[in-house]
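Read off the chains here:
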Amino acid sequence: MKCAPFRVELPSTVDEVVAALVEHGEDAKILAGGQSLIPMLAMRLARFDVLIDVHHVDGLASIQLDQNTIRIGSRVRQSEIERSDVIKRHLPVLAEATALIGHFQIRNRGTIGGSLVHADPAAEYPAVALALGATFEVTGPAGTRVIPAADFFLGYWTTALTDDEVLVAIHFPIPEGKRVGMTVKEVARRHGDFALAGAVASIGLDPSGAIVETAIALFSAADQPLRLTEMEAALTGHSPDSLDIPALSAAAAAGLAPGDDLHGSADFRRHLFRHLIADVAAEAITRAQEATNV
Amino acid sequence: MSEDVEVRLTVNGDGYRVRVEPRKTLVDALREDCNLTGTHIGCEHGVCGACTVLVDDRAVRSCLMFAYQAEGTSIRTIEGLADADGTLHPVQAAFREAHGLQCGFCTPGFVMSIVALLDENGAPTPQEVREGLSGNLCRCTGYQTILEAVDIAAATLRATSLEATR
Ligand SMILES: Cc1cc2nc3c(=O)[nH]c(=O)nc-3n(C[C@H](O)[C@H](O)[C@H](O)COP(=O)(O)OP(=O)(O)OC[C@H]3O[C@@H](n4cnc5c(N)ncnc54)[C@H](O)[C@@H]3O)c2cc1C
Ligand code: FES
Ligand code: FES
């Protein structure tokens, strides 16, 4: 269980990271918190001649609050997100999702960018990014581009990032001044294990209490995080009291084709999703009704 | 191909200067280059927690960090807990009192995780303790005596900090 030999580069700017990626091509990989990459290197599932360690790159490790967005540098550690007052206040669902990731020892090293680029279909952050409509600030040889979460995740451990691009930051819109409720829930065999099934919901109400915006995203449901567009459409425009959320959730779960493995059969996972979807939808509505930031 | 790098480590207050390959994990450097074999290696891929140490007061898995990345940090391992005269740290004493170990293989990792946990939260709920220890595996005890040790250690640490503020 020892990594194959490699050389380390320690760039100090994003441009130097891109230059190193261009120079070494497929022989190089970015190293952030290492909590996914180092196990893969140790098990020799992967090997690279060069690791580009981003710990000394300026500007990747800050959390900034703008008017309607929070910009989180890709190298911000998961434990910093969990502790951040800005995030607890303006985007508590992100702190709640973080507490579900692995164990605190993992979160002390693991970064938000590493988790998003690793794009494990069972990971929490990709589904949260998808539900909240986050955008990804990415820099490559041609400059910087912005990728919406809906276009970022392409399949098992696969994203729209090209080999010579680096994720610089993630922008989360925040619902300031709106009645929006958000929540995340998952089922895992043991706290800290990857989820068997998980769901994120963000639901907004108008002054009359009717639902005006709905986003529900699932993790561990497919090869990438999944939006429940049909169920979202069924909720939007209606007053919560007029909706049969358990029935809508059952219908949504019946249409899923989750993994079927020794951790849980597809039927069992559909059963979990049916309840998780109903739970997150109901709780997001309650939180929106109780929202005090309006 | 991968040239050795010189790394300066501070472990339990002592300075070390080691030459290591970039691929050498922190736990291997602690054990082989600093001769501190108290930190154990179980799975070597982040699952078991046996290798837990504190880096700048935060608990991390030292098999999921390269030694070169610890340059300039302050590391605390199981060897740094007891007093110079051999008086055990309250977490160690609690393990002895509650029989929190059998073979002892997992113990250094558990003890370091618990030190970090209680440092952040002096009065954790049973649920918080279970979550906090979910990243450490033990194949012997069945965990109950370890949970008891956490309670005892938390009580001792609270009593000591109360005394210190008097
Ligand atoms: C025991 C254990 C339990 C875990 N449980 C969970 C869990 O329940 N949920 C969960 O979501 N995760 C879990 N993880 C994974 C953890 O969240 C990882 O930290 C995370 O997936 C990767 O982040 P990292 O910073 O460690 O990235 P690294 O491991 O350093 O990198 C991961 C990948 O991302 C790439 N990368 C990193 N940063 C950038 C960047 N800025 N630009 C471009 N590419 C980049 C790397 O090249 C690599 O391919 C667990 C890990 C362990 C060891
Ligand atoms: S040896 Fe590091 S977690 Fe198992
Ligand atoms: S005491 Fe033997 S593994 Fe825990």
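Here the structure is a predicted model, which means the values were calculated and not measured.

Attention now moves to the site of ligand 1. In the region of ligand 1, 31 residues are neighbours, and Ile30, Gly34, Gln35, Leu37 and Thr111 of chain A sit closest. At the site occupied by ligand 1, nearby residues are drawn from chains A and B. In the model, an oxygen atom of ligand 1 is placed 3.1 Å from a nitrogen or oxygen of the Gly102 of chain A main chain. For ligand 1, an oxygen atom lies 3.3 Å from a polar atom in the backbone of Ser115 of chain A.

Next up on the list: the pairing of strand β2 (residues 28–31) of chain A. All names here are of chain A. Where β2 lies against strand β3 (residues 50–53), four bridges are found, and the strand directions are parallel. Across the sheet, the residue bridging to Leu31 is Asp53, located in β3. The parallel pair β2 and β3 is bridged by helix α2 (residues 37–42), and the resulting crossover is right-handed.

Interfaces are often sized by the amount of accessible area the parts lose when they come together. Residue and element names in this part refer to chain B. When its domains are assigned, chain B resolves into domain 1 (5–80) and domain 2 (90–165). Using only C-alpha atoms to locate each centre, domain 1 and domain 2 end up separated by 22 Å. Facing 16 residues of domain 1, the contacting portion of domain 2 comprises 13 residues. For the domain 1 face of the interface with domain 2, the top three residues by lost area are His40, Thr52 and Ile78, together amounting to 40%. Run the count over domain 1 and domain 2 and you get zero salt bridges. Summed over the shared surface of domain 1 and domain 2, the result is four residue pairs in polar contact (both at pLDDT 80 or more).

A surface patch of negative charge is lined by Glu26, Asp27, Asp49 and Asp163 of chain A. Among the secondary structure elements, Asp49 of chain A is positioned in the loop between α2 and β3.

The subject of this paragraph is the domain arrangement of chain A. All names here are of chain A. The domain boundaries assigned to chain A delineate domain 1 (7–53), domain 2 (63–173) and domain 3 (179–290). Computed over C-alpha atoms only, the centres of domain 1 and domain 2 are separated by 19 Å. Each side of the interface is counted separately: domain 1 has 12 residues, and domain 2 has 15 residues. Taken together, the two surfaces of domain 1 and domain 2 that pack against each other cover about 990 Å², and 74% of this comes from carbon and sulfur. At the surface where domain 1 touches domain 2, the tally comes to zero residue pairs in polar contact (both at pLDDT 80 or more). Per element, the largest residue contribution to the side of domain 1 that touches domain 2 is five residues, and it comes from helix α1 (residues 14–24). Residues belonging to the side of domain 1 that touches domain 2 are distributed by class as follows: eight nonpolar, three polar and one charged.

So, about the pattern of salt bridges. Counted under the stated rule, the structure contains 22 salt bridges over all chains. A salt bridge links Arg107 of chain A to Glu82 of chain A; the shortest N-O distance between them is 2.9 Å. In this pair, Arg107 of chain A sits in helix α6 (residues 104–107) while Glu82 of chain A sits in helix α3 (residues 78–83), placing the two residues 25 residues apart along the sequence. We classify Glu82 of chain A as partly exposed; its relative accessible area is 24%. Among the ionic pairs, Glu6 of chain B bridges to Arg17 of chain B, the shortest N-O distance being 2.7 Å. Placement of the pair is Glu6 of chain B in strand β1 (residues 5–11) and Arg17 of chain B in strand β2 (residues 14–20), with a sequence separation of 11 residues. We classify Glu6 of chain B as partly exposed; its relative accessible area is 41%.

It is worth spelling out the interface of chain A and chain B at this point. Every contact between the two is made by 34 residues of chain A and, on the other side, 31 residues of chain B. Together chain A and chain B conceal approximately 2700 Å² of surface at their shared face, both sides included; 56% is due to carbon and sulfur atoms. Linking chain A to chain B there are four salt bridges. The residue Glu44 of chain B makes a salt bridge to Lys2 of chain A at a minimum N-O spacing of 2.6 Å. At the surface where chain A touches chain B, the tally comes to 16 residue pairs in polar contact (both at pLDDT 80 or more). Examining the composition of the side of chain A that touches chain B, we find that four residues originate from one element, α2 of chain A, more than from any other.

Time to look at the packing of aromatic side chains. The tally for this structure, following the rule as stated, stands at seven aromatic pairs over all chains. Relative to Phe66 of chain B, the ring of Phe6 of chain A has its centre 5.0 Å away and its plane inclined at 65°; by these criteria the two rings are edge-to-face. With one member in each of two chains, Phe6 of chain A in the segment before β1 (7–9) and Phe66 of chain B in the loop between β4 (58–61) and β5 (74–76) form a pair that bridges those chains. Phe66 of chain B shares its class with Phe6 of chain A; the two are buried. Ring geometry for Phe136 of chain A and Phe152 of chain A: centres 3.9 Å apart, planes at 10°, overall stacked. You can see Phe136 of chain A sitting in strand β6 (residues 135–140) and its partner Phe152 of chain A sitting in helix α9 (residues 149–152), a full 16 residues away along the chain. A single burial state applies to Phe136 of chain A and to Phe152 of chain A, both of which are buried.

Residues and elements named next belong to chain A. Residue placement: Glu137 occurs in strand β6. Residue Glu137 is classed as buried on the basis of its relative accessible area of 16%. Among the polar contacts listed, one links the side chain of Glu137 to the side chain of Arg71, at a separation of 3.2 Å. Beyond its immediate stretch of four places on either side in the chain, Glu137 contacts Arg71, Thr144, Arg145, Val166, Leu167, Val168, Ala169 and His171.

Here we take up unusual backbone geometry. Residues and elements named next belong to chain B. Of note in the backbone geometry, Asp56 takes a positive phi value of approximately 45° without being a glycine. Examined against the element boundaries, Asp56 turns out to sit in the loop between β3 (52–55) and β4. With phi around 75°, Tyr143 is a residue other than glycine that occupies positive phi space. Residue placement: Tyr143 occurs in the loop between α4 (126–132) and α5 (144–165).

Counting all residues, the mean pLDDT for chain B is 96, and 99% of those residues have values of 70 or more. Scoring of the predicted complex yields 0.97 for pTM and 0.96 for ipTM.

Reading the values: rules and limits
Residue indices begin from 1 for each chain and proceed along its sequence in written order. Labels follow written order: the first chain is A, the first ligand is 1, and so on. The model is predicted, so local features are restricted to residues of pLDDT at least 70 and side-chain atom pairs to those at 80 or more, both for listing and for counting; the totals for chains, interfaces and linings are taken over all residues. Only hydrogens and water are set aside when side-chain values are computed; all heavy atoms of the structure are taken into account. Any residue with at least one heavy atom within 4 Å of a molecule or strand is counted as near it. Each polar contact in these results corresponds to two N or O atoms within 3.5 Å; when the atoms are within protein, one needs to be able to donate a hydrogen and the other to accept it, and residues that are neighboring in sequence are counted only if both atoms are side-chain atoms. One requirement defines pairing of two strands: DSSP has to find at least two bridges between them. Only DSSP runs of H or I covering at least 4 residues are called helices, and only runs of E covering at least 2 are called strands; the numbering of each starts at the N terminus. The path from the first strand over the helix to the second decides the hand: if it runs clockwise while the strands point away from the viewer, the crossover is right-handed. For the purposes of this description, domain bounds are those given by an automatic or database domain assignment. Should any heavy atoms of two residues lie within 4.5 Å, those residues are counted as being in contact. Note: buried area is the sum, over both parts, of the accessible area (probe 1.4 Å) each one loses when the two are combined. Whenever Lys or Arg places a side-chain nitrogen within 4 Å of a carboxyl oxygen from Asp or Glu, that contact is recorded as a salt bridge. Exposure above 30% relative accessible area and the absence of a salt bridge qualify a residue for a patch, where like charges join within 9 Å and nonpolar side chains (Val, Leu, Ile, Met, Phe, Trp, Tyr) within 5 Å. All accessible-area figures derive from a Shrake-Rupley calculation using a 1.4 Å probe, and residue coverage is judged against the displayed protein chains alone. In this count, Lys and Arg are taken as positive residues and Asp and Glu as negative ones, while His and the chain termini are left out. A charge is said to be at NZ when it belongs to Lys, at CZ for Arg, at CG for Asp and at CD for Glu. The residue classification treats Ala, Val, Leu, Ile, Met, Phe, Trp, Tyr, Cys and Pro as nonpolar and Asp, Glu, Lys and Arg as charged. All others, Gly included, are polar. Working definition: with a 1.4 Å probe on protein chains only, accessible area under 20% of the residue-type maximum means buried, over 50% means exposed, and in between means partly exposed. Pairs were defined over the aromatic rings of Phe, Tyr and Trp, the Trp ring being its six-membered one, requiring ring centres within 6.5 Å. Orientation was assigned from the angle between planes: stacked under 30 degrees, edge-to-face over 60, tilted for the rest. One number per residue, pLDDT, summarises how confident the predictor is, and it ranges from 0 to 100.

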